[in-house]
Protein chains: 2
Amino acid sequence: MEQPLVSISNLAQELLITPRTIRYYEEMGLLTPLHHEKMSQRLYGPRERARLTLILRGKRLGFSLAEIKEMIDLYDIDRTEGLQLERTVAYGEKRLQELEEKIQELILLKGELTDYHQQFTELLKKRNQERPKKEDAPRQQ
Amino acid sequence: MEQPLVSISNLAQELLITPRTIRYYEEMGLLTPLHHEKMSQRLYGPRERARLTLILRGKRLGFSLAEIKEMIDLYDIDRTEGLQLERTVAYGEKRLQELEEKIQELILLKGELTDYHQQFTELLKKRNQERPKKEDAPRQQ
DNA sequence: AAAAGGGTTGACGTTCACGTAAACTGGTGT
DNA sequence: ACACCAGTTTACGTGAACGTCAACCCTTTT
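Since the structure is predicted, the reported quantities are computational estimates derived from the model, not experimental observations.

K.L.:
Can you help me understand the overall build of chain A in this one?
P.N.:
The number of helices and strands found in chain A is six helices and zero strands. Mapped from its N terminus to its C terminus, chain A presents α and β elements in the order α-α-α-α-α-α. Split into buried and exposed, the 141 residues of chain A put 36% on the buried side. On chain A, roughly 9,700 Å² of surface is accessible, and the fraction owed to carbon and sulfur atoms is 51%.

K.L.:
I tried to follow the packing of helix H1 (residues 8-15) of chain B against helix H3 (residues 46-60) of chain B on my own but got confused; where do I start?
P.N.:
A pair of packed helices is captured by two measures, namely the crossing angle of their axes and the spacing between those axes. Residue and element names in this part refer to chain B. Packing of H1 against H3 leaves a shortest axis separation of 12 Å and a crossing angle of 40 degrees. Relative to H3, the element H1 lies oblique. Crossing handedness for the pair H1 and H3: right-handed. Residues Leu-11, Glu-14 and Leu-15 of H1 form the contact with H3, whose participating residues are Arg-49, Leu-52, Thr-53 and Leu-56. Classifying every residue of the contact of H1 with H3 by side-chain character gives four nonpolar, one polar and two charged.

K.L.:
Looking at this structure, how should I read the packing of H1(B) against helix H2 (residues 19-27) of chain B?
P.N.:
Residue and element names in this part refer to chain B. Where H1 meets H2, the axes come as close as 8 Å, and the angle between the chain directions of the two elements is 105 degrees. Classified by the angle their axes make, H1 and H2 are roughly perpendicular. Contacts between H1 and H2 involve Ile-8, Ser-9, Leu-11 and Ala-12 from the first element and Pro-19, Ile-22 and Arg-23 from the second. Split into classes, the residues belonging to the contact of H1 with H2 amount to five nonpolar, one polar and one charged.

K.L.:
Can you help me understand the protein's contact with DNA strand D in this one?
P.N.:
Close to DNA strand D lie 16 residues; Ser7(A), Ser9(A), Arg42(A), Thr18(B) and Tyr25(B) are nearest. A share of 74% of the atoms of DNA strand D within 4 Å of the protein falls on sugar and phosphate groups. A distance of 2.7 Å separates a phosphate oxygen of DNA strand D from a polar side-chain atom of Thr18(B). Elements represented by at least two residues in the surface near DNA strand D include exactly helix H1 (8-15) of chain A together with H2 of chain B.

K.L.:
Even after reading the chapter, I still don't get the nonpolar core, so can you show me in this structure?
P.N.:
Across soluble globular proteins, nonpolar side chains show a tendency to be buried alongside one another. Ile22(A) and Leu52(A) are the most contacted members of the largest nonpolar core, which totals 55 residues. Beyond its immediate sequence surroundings of up to four residues, Ile22(A) is in contact with Ile8(A), Leu11(A), Ala12(A), Ile17(A), Leu31(A), Tyr44(A) and Leu52(A).

K.L.:
Explanation requested: the interface of chain B and chain A in the structure shown.
P.N.:
In many reports, interface size means the accessible area that the parts give up when they come together. Listed per partner, the contact involves 43 residues of chain B and 43 residues of chain A. When the buried area of chain B at its contact with chain A is split by residue, Leu85(B), Leu106(B) and Phe120(B) rank highest and sum to 15% of it. Between the two partners, chain B and chain A, sit eight salt bridges. Note that Glu105(B) is salt-bridged to Arg57(A), the shortest N-O span being 3.6 Å. Our enumeration of links across chain B and chain A arrives at eight residue pairs in polar contact (both at pLDDT 80 or more). At the level of elements, H3, helix H4 (65-75), helix H5 (77-80) and helix H6 (85-130) of chain B are the ones that each hand at least two residues to the side of chain B that touches chain A. The biggest single contributor to the side of chain B that touches chain A is H6(B), with 29 residues. Of the residues contributing to the side of chain B that touches chain A, the split by class is 21 nonpolar, eight polar and 14 charged.

K.L.:
Honestly, the pattern of salt bridges in this entry has me stumped. Any pointers?
P.N.:
Where charged atoms from two side chains of opposite charge approach closely, those side chains can pair. Residue and element names in this part refer to chain A. A full pass over the atoms with the stated rule returns 24 salt bridges over all chains. With a shortest N-O distance of 2.9 Å, Arg-49 and Glu-14 are connected by a salt bridge. With a gap of 35 residues between them, Arg-49 in helix H3 (residues 46-60) and Glu-14 in helix H1 connect regions that are remote in the sequence. Residue Glu-14 is classed as partly exposed on the basis of its relative accessible area of 41%.

K.L.:
Even after reading the chapter, I still don't get the environment of Arg23(B), so can you show me in this structure?
P.N.:
Residue and element names in this part refer to chain B. Mapped onto the secondary structure, Arg-23 falls in helix H2. Overall, Arg-23 belongs to the partly exposed group, its relative accessible area being 37%. For the pair Arg-23 and Pro-33, spaced ten residues apart in sequence, the C-alpha to C-alpha distance is 9.7 Å. If sequence neighbours within four positions are ignored, Arg-23 has contacts with Ile-8 and Arg-42.

K.L.:
I would appreciate a short explanation of H3(B) in the present structure.
P.N.:
In a regular helix each residue adds 1.5 Å, so 15 residues correspond to 21 Å; H3(B) covers 21 Å between its end C-alpha atoms and thus fits that length. Turning to H3(B), its buried residues are Glu48(B), Arg49(B), Arg51(B), Leu52(B), Leu54(B), Ile55(B), Leu56(B), Arg57(B) and Gly58(B). Where the residues of H3(B) are buried, they touch helix H6 (85-130) of chain A together with H1, H2 and H4 of chain B.

K.L.:
How should I be thinking about the relation of the copies chain B and chain A in this particular structure?
P.N.:
Copy one and copy two of the chain differ by a rotation about a common axis and a shift along it. For the pair chain B and chain A, the superposition axis carries a translation of 0.0 Å, the fit reaches an RMSD of 0.1 Å, and the rotation angle comes to 180 degrees. Both copies are brought into coincidence by an operation consistent with a two-fold rotation axis. When C-alpha positions in chain B are compared against the rotation axis, the closest is assigned to Gly62(B), at 1.8 Å.

Cut-offs and rules
- Residues numbered from 1 in each chain as written.
- Chains lettered and ligands numbered in written order.
- Predicted model: local features only at pLDDT ≥ 70, side-chain atom pairs only at ≥ 80, totals over all residues.
- Heavy atoms only, no water.
- Helix = DSSP H or I, 4+ residues; strand = E, 2+ residues; numbered from the N terminus.
- Buried < 20%, exposed > 50% of the residue type's maximum accessible area, 1.4 Å probe, protein only.
- Areas by Shrake-Rupley, 256 points an atom, 1.4 Å probe, with all protein chains shown as cover.
- Axes fitted to C-alpha atoms, helices over the stretch in contact; angles between N-to-C directions.
- Parallel < 35°, antiparallel > 145°, perpendicular 65-115°, else oblique.
- Left-handed = near helix turned anticlockwise from the far one by under 90°.
- Contact = heavy atoms within 4.5 Å.
- Nonpolar A, V, L, I, M, F, W, Y, C, P; charged D, E, K, R; others polar.
- Near = heavy atom within 4 Å.
- Polar contact = N/O pair within 3.5 Å; in protein donor to acceptor, adjacent residues only side chain to side chain.
- Core = buried A, V, L, I, M, F, W, Y, C linked by side-chain atoms within 4.5 Å.
- Buried area = accessible area lost by both parts, 1.4 Å probe.
- Salt bridge = Lys/Arg side-chain N within 4 Å of Asp/Glu carboxyl O.
- Expected span 1.5 Å × (residues − 1).
- Least-squares fit on C-alpha atoms with pLDDT ≥ 70 in both.

Worth remembering: the numbers are spatial, not functional.
Pasting the structure below:
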């Protein structure tokens, strides 16, 4: 039974962050929970939850909140309505291009580290051949 | 004519960063230029340049300097010599695993944004069909 | 000898992304 | 009515990653 609307600390708990973090993202314009007018509490629905997971994903990937905000603003139909769609689309293409470049760079980095890793692994193998352990090395940590 | 040893500001210029940044990385233990004993200046060879590019790559990908330092320390034969190779290798495997996860997450993010992008593109197409521009829309920016 | 052009070491300032604490408010159980 | 809990605002604190500035060498040019 997924409640459609949850409180700030519930949402925070669910996503393993603190309420403060959520409020901060709102303060930065990344979230807009139901909190208008004369309501004393913030309530978060599926839309805000989706945004938050997007934000957290972006953070894990090393994007700044400003960059993430740009992505979210692109992804937000309402906000973009009435804006020049051509520009928006072109801009989105640029961002996607950058994402692809980032992926390639990550793959490159992984390749580098993999190389060194293999060197080490072989070095380890040789050592174990030279002076193997008395008892067959136990596999438990 | 690639000089094997360059000054700090030369290196900074080459990599589009500031000398301060380079000194900071040294202070954090990420770089060890020739600066021992009784030398008044720092000099950077190919080894340090390689490290620096690795650092910058890591930064672009959102890793903290602490994380990057871990990678570098793995990648550094001298420093690891005498250390428990088994642990090093195991640890490296964990890092590589994390890298792979990050790649997957990036691909996921790109997928999400691509979806939204296509929605927008189609929206734009429809609009242009409804009320096409007087003159056939010119394709130049 | 004096000035100029890098390089060096502090040391303090700054931005981002929150952490933390205080003081207040609003509904809820007893 | 009162305690209690969850949420809110306000504000100051913090760690990472540098920026900026001052004051002090060397070395080279004039």
